[in-house]
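Chain by chain, the residues run as shown.
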Amino acid sequence: MHAQSKIQALLDQLNTVIVGKNAQVRDCVACLLAGGHLLIEDLPGVGKTTLAHALARTFGLQFARVQFTADLMPSDLTGVSVYERGSQAFAFHPGPVFTQVLLADEINRASPRTQSALLEAMEEKQVSAEGATRALPEPFFVIATQNPQEQLGTFALPESQLDRFLMRISLGYPDRAAERLLLAGSDRRGMVDSLLPLLTHAELAGLQQQVLAVHTSDALLGYVQDLIAATRSGRWFVQGLSPRAGIALVRAAKAQALIDGRDYVAPDDVQAIIAQTIAHRLVPLGDAGRGSVEQVRALLEAVAP
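Because the structure is predicted, anything quoted here is derived from the model rather than measured.

Thresholds applied
- Residues numbered from 1 in each chain as written.
- Predicted model: local features only at pLDDT ≥ 70, side-chain atom pairs only at ≥ 80, totals over all residues.
- Heavy atoms only, no water.
- Helix = DSSP H or I, 4+ residues; strand = E, 2+ residues; numbered from the N terminus.
- Rg over C-alpha atoms; globule rule 2.2 N^0.38 Å.
- Buried < 20%, exposed > 50% of the residue type's maximum accessible area, 1.4 Å probe, protein only.
- Contact = heavy atoms within 4.5 Å.
- Salt bridge = Lys/Arg side-chain N within 4 Å of Asp/Glu carboxyl O.
- Phe/Tyr/Trp six-rings, centres within 6.5 Å; stacked < 30°, edge-to-face > 60°.
- Lys NZ or Arg CZ within 6 Å of the ring centre and 35° of its normal.
- Axes fitted to C-alpha atoms, helices over the stretch in contact; angles between N-to-C directions.
- Parallel < 35°, antiparallel > 145°, perpendicular 65-115°, else oblique.
- Left-handed = near helix turned anticlockwise from the far one by under 90°.
- Nonpolar A, V, L, I, M, F, W, Y, C, P; charged D, E, K, R; others polar.
- Pairing = 2+ DSSP bridges.

### Some words on the overall build of the protein
Argument step 1. Secondary structure summary: the protein contains 14 helices and nine strands in total.
Argument step 2. Over its C-alpha trace the protein gives a radius of gyration of 20 Å, about what one expects of a compact globule, namely 19 Å for 305 residues.
Argument step 3. Viewed in the frame of its principal axes, the protein has a C-alpha envelope of about 70 × 45 × 40 Å.
Argument step 4. Across the 305 residues in the protein, those meeting the buried criterion constitute 50%.

Here it is in structure tokens:
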């Protein structure tokens, strides 16, 4: 009960800043409680960066932001050694990746080489630079924003990079009532600065342990395996889900169940989170006539729990 009240407080505070997007805010909280990285894809100006700021502040975590541009170098993220005349030695100056929440803003405006500099950090929670391996702070989350690929000056994220994001969400335009609040209200960035941290590091670690402890029955795991097998059948997608993607789906469903106050995963949890968790890892068949999200939903209707 204590966990559910804490999570509800997180959701309530975030929804005061990101109005009219309760489902997307819930997905973000599930992603971070599951210990995953989050990709937010949408048009500029719909609140992606504001949401990332609000998440970091509400979770009480150290925050750094990097604006990705075409000339951003990998060392601009990871850090560089600089010769210091006083000590007559090279000293390593950590880059912005050495934080707890890294906002990689407009990640697909950087070159693939720079995008890939995040791979080790996202997967291993460490950085190898200047001949040494350095651990990143705990916890470590990457919240990346991405503009639609048809916009000028963007580079598609490589498959290996996409696979490191537990979830991908899209905010979309606000409805009329929510937009009226935005037009008549105060600046959202100013509201973020007034948000209070609602979790200590120990409380966040405790919630993440509770996510891992959520029970998955044999029948539920069988349902997940049926969904994974369907993606590999050649009927829906060019290639199917990897075992890592299957593990990610189960972990996200566990977080969804915990948010609902349950200690077990139900098929509804898998169905609620599946498109956000696997669609960015899959490419529909050329004759499908649907995007990846729509194809995942069609597959979901075809596989009974």
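### Structural notes on the environment of cysteine 28
Argument step 1. Among the structural elements, cysteine 28 can be located in helix H2 (residues 22-33).
Argument step 2. In contact with cysteine 28, not counting residues within four places along its chain, are Leu38, Leu51, Leu55 and Ile169.

### Let's talk about the pattern of salt bridges
Argument step 1. By the definition in use, this model includes 11 salt bridges.
Argument step 2. As a salt-bridge pair, aspartate 163 and arginine 281 come within 2.7 Å of each other at their nearest N and O atoms. In this pair, aspartate 163 sits in the loop between helix H7 (159-162) and strand S9 (167-169) while arginine 281 sits in the loop between helix H13 (267-278) and helix H14 (292-302), placing the two residues 118 residues apart along the sequence.
Argument step 3. Note on aspartate 163: relative accessible area 15%, which makes it buried.
Argument step 4. We note a salt bridge from aspartate 269 to arginine 262, for which the minimum N-O separation is 2.7 Å. With respect to class, aspartate 269 is no different from arginine 262; both count as buried.

### So, the packing of aromatic side chains
Each aromatic ring pair is summarised here by two numbers: the centre-to-centre distance and the angle between the ring planes.
Argument step 1. Counted according to the given criterion, the structure contains two aromatic pairs.
Argument step 2. Relative to phenylalanine 98, the ring of phenylalanine 92 has its centre 6.2 Å away and its plane inclined at 75°; by these criteria the two rings are edge-to-face.
Argument step 3. Relative accessible area serves as the criterion here: at 17%, phenylalanine 98 is assigned to the buried category.
Argument step 4. Arginine 262 extends its terminal NZ or CZ atom over the ring of tyrosine 264, reaching a point 5.3 Å from the ring centre.

### What about the packing of helix H11 (residues 218-231) against H13?
Argument step 1. The contact between H11 and H13 brings their axes to 10 Å, and the two run at 30°. For the element pair H11 / H13, the angle class is roughly parallel. When you trace H11 past H13, the crossing you get is right-handed. Contacts between H11 and H13 pair Leu220, Tyr223, Val224 and Leu227 from the former with Pro267, Val270, Gln271 and Ile274 from the latter.
Argument step 2. Across the contact of H11 with H13, the residue classes tally to seven nonpolar, one polar and no charged.

### A word on the sheet that holds strand S1 (residues 38-41)
Argument step 1. Pairing in this open sheet of five strands is parallel, and the strands run S2-S5-S8-S1-S9 from one edge to the other. The open sheet is flanked by strand S2 (63-67) and S9, the only strands paired with a single partner. Within the sheet, the average angular offset between the axes of one strand and its neighbour, ignoring direction, is 15°.
Argument step 2. Where strand S5 (residues 101-105) meets strand S8 (residues 141-146), four bridges bridge the pair, whose relative direction is parallel. Bridge pairing links leucine 102 to valine 142 in S8.
Argument step 3. Against the sheet, H2 makes contact with S1, S8 and S9, and its axis sits at roughly 165° relative to S9, the strand it touches most.

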